[in-house]
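Chain by chain, the residues:
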Amino acid sequence: MMRAQFPHIDKVSIRPFVLRSQLYSSVVDRTQVDRELESLRRTKVLRIFKLNTGQDDHAIMFLDDYLNQIERAVKRMEEKNVHDLEVFEWFKIHVIDTRLEPNISHQDLCSLLSLGGKVKDNQISVLINGGVIIRQLIDPSMYWFAIPNVGSMLKGLSQGRKELLSLLSRRRYKEMLLASLEKKRLRLSPLDMRFHLRDLIGSGHLKTIKTPTGLVVRISKE
Amino acid sequence: MWKEIEKRESGRVRPRSFANRVKSSRVASLQLSNHKDIVSPHKGSVNSLQVDLTEGRYLLSGASDASAAVYDVQQPQKLEGGGLIAKHKPIFVIDKQHEHRHKYAISSAIWYPIDTGLFVTGSYDHYIKVWDTNSTQAVMNFKMPGKVYSTSMSSLATSHMLIAAGTEDVQVRLCDIASGAFAHTLSGHRDGVMTVQWSNSSEYVLVTGGCDGAIRFWDIRRAGCFRVLDQSHSQLGRRPPLLERSAMTKGSTSRSSSGGQNMSKATAVSRKSSHGNGAKHSGSNRISAKGSIKHRLHPGMLSSQDRATAHYGAVTGLKISEDGMYLFSAGSDSRLRLWDIESGCNTLVNFETVRLQTNKPIQLSVSEDSALVFVPCMTVVKAFDFWSGKTYFTFRGHYEYVNCCCYSALDQELYTGGNDRQILVWSPFISYEADEGTTRNEDSWSD
């Protein structure tokens, strides 16, 4: 079910990931989606990250893709001659395997990293620079897990959403045929149109209606 | 219908299941009532509605213009429309001319659970007043440290008469009607408390939801809360199975360099199995992290360090199911979650919602036998199936945001109040025959 999503996404420099709202739009029963995600997460096939775009976005990524991504980030940092890179190794071995939630607290992080070796504060800054953990805004001693180098994707995601919604809301009846919508290209986002469509349909901002000429996409009002 | 009654008479259908069948078919046909109307005297948005628990006859409403009114929903004051439409006017109204009035908006109005002689109103003017219904006088006044968001009294209580009040202050206060003073305060939340609910299974258990997103369970006989619901603890079915608990593992001690006296431990909770999908071993870690604090904390207060959140935003509505086993919570992150109270886990039922109101507490309602949950979502009220999360009905009728809804199990009616100052009644559909006075063969031209 989830593998089918991947070929649709062509990435520039990042491994593919799926948003939770896209899964909701593809599968009818949402409770089933939640439960299967939960069980896959527990068996460590995939990881869920909380994104900071919008209300409740979660990105889902296969575990080996995530590890791949970390490798690339590490390589990039090596080129810039940053030291203390073994903290990434410890991170990979100890933290990712044991902590399955999208967030982690400072004590936990230190204690787990110290299983690999002695940890210092600037090593944590190295991790933050590499992009694997991010400080939470609400609570300064907790961190979110994150995907390295995902910034351009997230920007593209939020801008693409805004652009698509404004495109539809400018029309007189706030709707458009799905076929012609798919052919359009978004100016500001590197992700393709079908990605955004599935995401917005799954999160409820758009809805699809069957008409004799095909599917029509309309902005939902509530 | 007559066949059903005949089956019940002859004993082929059990009386209970006959009653349930009739009730659920009535609930399935709920729509904006065409025979009942409540005339609302309020000049501000209706914030709270409650039907009394003893007779199911009187509806109490509290509004933003500091007015509270009581209506008799079974006997109308006036019949209009040729005797077809019943208009229910308020029996009395407490408004700004009253000598004991509230100064600002009333956020919550509840009946005294034992009889309808008293009711309690909590308002944004920091006061909770207890009123005598028959003389409409305020008999008691409690001053709170902040705006009162929500009040609740336990319907099971036999040994206490406490009003639990959630305010914008971080402490939940319990006010005692018998003595007129505060009983005690419960601390643990880190921001204001938006909703409070007493448990349906124990008279000493209180559930509170706060603006910090946490839902805490308190036993009022002890200090501190005994459970905090965490949205990342989830179970895949209705109930965790009774057998096969995975081994409890004690994790590493914390490396806090200040040498604090508290240790952090990670305990693995028993595994859950997905409903009907076969057993699966999994454990979810429960981390109760202690910071590196210098001073020793009372053991009951350790839970204040637990920063688990049930919602990403504030918790705006809480409702316990009738059997007391499940808790339904609504948050300002537009998510509705169903929690299993016994295990404290999130059953991952996904309720399809788009947006919920975020700044005010909303009042949810469950139908009897907990088959449906009624949730006000912006301008409509949606009825969700409890277990599958599908939207069964959408009640559109209000012009502006809906704040509160109350389901009366006796008549299978739903009352909703919103920012448009109206109280709407949704009742099972009754069709009226239109041939009063004219026979079928005549039309309006013939004389």
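Predicted model only: the values in this text are computed from it and were never measured.

What counts as what
Residues numbered from 1 in each chain as written. Chains lettered and ligands numbered in written order. Predicted model: local features only at pLDDT ≥ 70, side-chain atom pairs only at ≥ 80, totals over all residues. Heavy atoms only, no water. Helix = DSSP H or I, 4+ residues; strand = E, 2+ residues; numbered from the N terminus. Buried < 20%, exposed > 50% of the residue type's maximum accessible area, 1.4 Å probe, protein only. Contact = heavy atoms within 4.5 Å. Areas by Shrake-Rupley, 256 points an atom, 1.4 Å probe, with all protein chains shown as cover. UniProt positions renumbered as here; feature names shortened; annotations may be inferred. Phe/Tyr/Trp six-rings, centres within 6.5 Å; stacked < 30°, edge-to-face > 60°. Lys NZ or Arg CZ within 6 Å of the ring centre and 35° of its normal. Pairing = 2+ DSSP bridges. Axes fitted to C-alpha atoms, helices over the stretch in contact; angles between N-to-C directions. Core = buried A, V, L, I, M, F, W, Y, C linked by side-chain atoms within 4.5 Å. Parallel < 35°, antiparallel > 145°, perpendicular 65-115°, else oblique. Left-handed = near helix turned anticlockwise from the far one by under 90°. Salt bridge = Lys/Arg side-chain N within 4 Å of Asp/Glu carboxyl O. Polar contact = N/O pair within 3.5 Å; in protein donor to acceptor, adjacent residues only side chain to side chain. Patch = residues over 30% accessible without salt bridge, like charges linked within 9 Å, V, L, I, M, F, W, Y side chains within 5 Å. Lys, Arg positive; Asp, Glu negative; His and termini not counted. Charge placed at Lys NZ, Arg CZ, Asp CG, Glu CD. Expected span 1.5 Å × (residues − 1).

> Even after reading the chapter, I still don't get the overall build of chain B, so can you show me in this structure?
For chain B, the helix and strand inventory stands at two helices and 34 strands. Counting all 447 residues of chain B, 52% fall into the buried class. Counting contacts in chain B only where the partners sit at least 6 residues apart, residues at least 24 apart contribute 50% of the total. Total accessible area on chain B stands at roughly 20,400 Å², and carbon and sulfur atoms take up 49% of it.

> Any chance you could explain the overall build of chain A here in plain terms?
Along its length, chain A carries nine helices and nine strands. Across the 222 residues of chain A, 51% fall into the buried class. Look at the contacts in chain A between residues 6 or more apart in sequence, and 60% of them connect residues 24 or more apart. With an accessible surface of roughly 11,200 Å², chain A has 53% of that area assigned to carbon and sulfur atoms.

> How do you make sense of the UniProt feature "repeat: WD" (unreviewed entry) in chain B when you look at a structure like this?
Residue and element names in this part refer to chain B. Those residues carrying the UniProt feature "repeat: WD" (unreviewed entry) are residues 39–81, 99–141, 186–228, 308–349 and 395–427 in this numbering. Strand forms 47% of residues 39–81 and helix 0%; the C-alpha atoms that close the span are 15 Å apart. The distance separating the terminal C-alpha atoms of residues 186–228 is 14 Å; by composition the span is 0% helix and 51% strand.

> I would appreciate a short explanation of the packing of aromatic side chains in the present structure.
Aromatic ring pairs are reported here in terms of the distance separating the ring centres and the angle at which the planes meet. Residue and element names in this part refer to chain B. Enumeration according to the criterion identifies twelve aromatic pairs over all chains in this entry. A connected cluster of aromatic rings, assembled from ring pairs, spans F374, Y392, F393, F395, Y407 and W426. Above the plane of the ring of Y127 lies K129, whose end atom (NZ or CZ) is 5.4 Å from the centre. The positively charged end of K147 is found above the aromatic ring belonging to Y124, 5.0 Å away from the centroid.

> Please clarify how the sheet that holds strand β7 (residues 85–88) of chain B should be interpreted in this entry.
In any sheet, the strands associate via hydrogen bonds between backbone groups, in a parallel or an antiparallel arrangement. All names here are of chain B. Read from one edge to the other, the open sheet built from three strands follows the order β2-β7-β6, with strand pairing classed as mixed. Both edges of this open sheet fall to β2 (36–38) and β6 (78–80), since each of them pairs with a single strand only. Averaged over all adjacent pairs, the angle separating strand axes in this sheet is 30°, with direction ignored. The pairing of β2 with β7 spans three bridges and is classified as parallel. Bridge pairing in β7 links I38 to H88.

> Explanation requested: the nonpolar core in the structure shown.
For soluble globular proteins, nonpolar side chains are generally found buried alongside one another. The biggest cluster of nonpolar side chains holds 18 residues, and the ones touching the most others in it are F328(B), L336(B), L338(B), F351(B), V375(B) and F386(B). Filtering out sequence-adjacent residues up to four positions away, F328(B) remains in contact with G317(B), L318(B), K319(B), L336(B), R337(B), L338(B), F351(B), L364(B), V373(B) and V375(B). In this structure, F49(A), I70(A), L191(A) and F195(A) belong to the second largest nonpolar core, which totals 17 residues.

> Can you walk me through unusual backbone geometry in this structure?
Excluding glycine, a negative phi dihedral is what most residues carry, and trans is how most peptide bonds are arranged. Residue and element names in this part refer to chain A. The phi dihedral of K174 is positive, around 60°, even though this residue is not glycine. Looking at the secondary structure, you find K174 in the loop between α7 (151–170) and β7 (175–177). Given a relative accessible area of 38%, K174 falls into the partly exposed group.

> Explanation requested: the packing of helix α1 (residues 2–10) of chain B against helix α2 (residues 15–28) of chain B in the structure shown.
Think of two packed helices as two axes; the pair is described by the angle between the axes and how far apart they sit. All names here are of chain B. Where α1 contacts α2, the axes come no closer than 10 Å and their chain directions differ by 165°. Taken together, the axes of α1 and α2 lie roughly antiparallel to each other. In the crossing of α1 with α2, the sense of the turn from one axis to the other is left-handed. Touching E4, I5 and R8 of α1 are P15, F18 and R21, all from α2.

> Looking at this structure, how should I read the pattern of salt bridges?
Where charged atoms of side chains with opposite charge meet at close range, the side chains can pair. Residue and element names in this part refer to chain B. Considering all chains together, one arrives at seven salt bridges over all chains under this definition. Taking the shortest distance from any N to any O, the salt bridge between E413 and K36 comes out at 3.0 Å. Note that E413 is positioned in strand β33 (residues 413–418) and K36 in strand β2, a separation of 377 residues in sequence. We note a salt bridge from D72 to R57, for which the minimum N-O separation is 2.8 Å. On the criterion of sequence distance, the pair formed by D72 in strand β5 (residues 68–72) and R57 in the loop between β3 (46–51) and β4 (58–63) is long-range, its members being 15 residues apart. On the accessibility criterion, R57 (24% relative accessible area) is partly exposed.

> What is the right way to read the side chain of S365(B) from this model?
All names here are of chain B. Mapped onto the secondary structure, S365 falls in strand β28 (residues 365–366). Accessibility expressed as a relative area gives 5% for S365, which makes it buried. At 3.0 Å, the side chain of S365 and the backbone nitrogen of Y407 are in polar contact. Those residues within four positions of S365 in sequence are excluded, and the remaining contacts are K319, L372, V373, F374, C405, C406 and Y407.

> Hey, could you run me through the pairing of strand β2 (residues 46–50) of chain A in this one?
Residue and element names in this part refer to chain A. With five of its five residues buried, β2 lies for the most part within the structure. Neither face of β2 is left uncovered, since the one carrying L46, I48 and K50 and the one carrying R47 and F49 both have all their residues buried. By the bridge criterion, five bridges tie β2 to strand β3 (residues 58–62) in an arrangement that is antiparallel. If you follow R47 over to β3, its bridge partner there is M61.

> Can you help me understand the sheet that holds strand β31 (residues 391–396) of chain B in this one?
The four strands are arranged β28-β29-β30-β31 (chain B) in an open sheet whose pairing can be described as antiparallel. Whereas interior strands pair on both sides, the edge strands pair on one side only; in this sheet they are β28 and β31 of chain B.

> Sorry if this is basic, but what is going on with the pairing of strand β32 (residues 402–408) of chain B here?
Within a regular beta strand, the side chains point alternately toward one face of the sheet and then the other, so they alternate between its two faces. All names here are of chain B. A large share of β32 lies buried, amounting to seven of its seven residues. Relative to β33, β32 runs antiparallel, the two sharing six bridges. Its bridge partner lying in β33, V402 is registered against G418. Connecting β32 to the next strand, β33, in antiparallel fashion are four residues, including Q412 with a positive phi near 55°.

> Teacher, can you tell me more about a positive patch on the surface here?
Together, K96(B), R101(B), K103(B) and K143(B) make up a region of like positive charge exposed at the surface. For K96(B), a relative accessible area of 43% corresponds to the partly exposed category.

> Sorry, what's going on with α7(A) here?
Note that an α-helix has 3.6 residues per turn; residues three or four places apart therefore point the same way. Between its first and last C-alpha, α7(A) extends 29 Å over 20 residues, near the 28 Å set by a 1.5 Å rise per residue. For α7(A), the full list of buried residues reads M153(A), L154(A), G156(A), L157(A), G160(A), R161(A), E163(A), L164(A) and L168(A).

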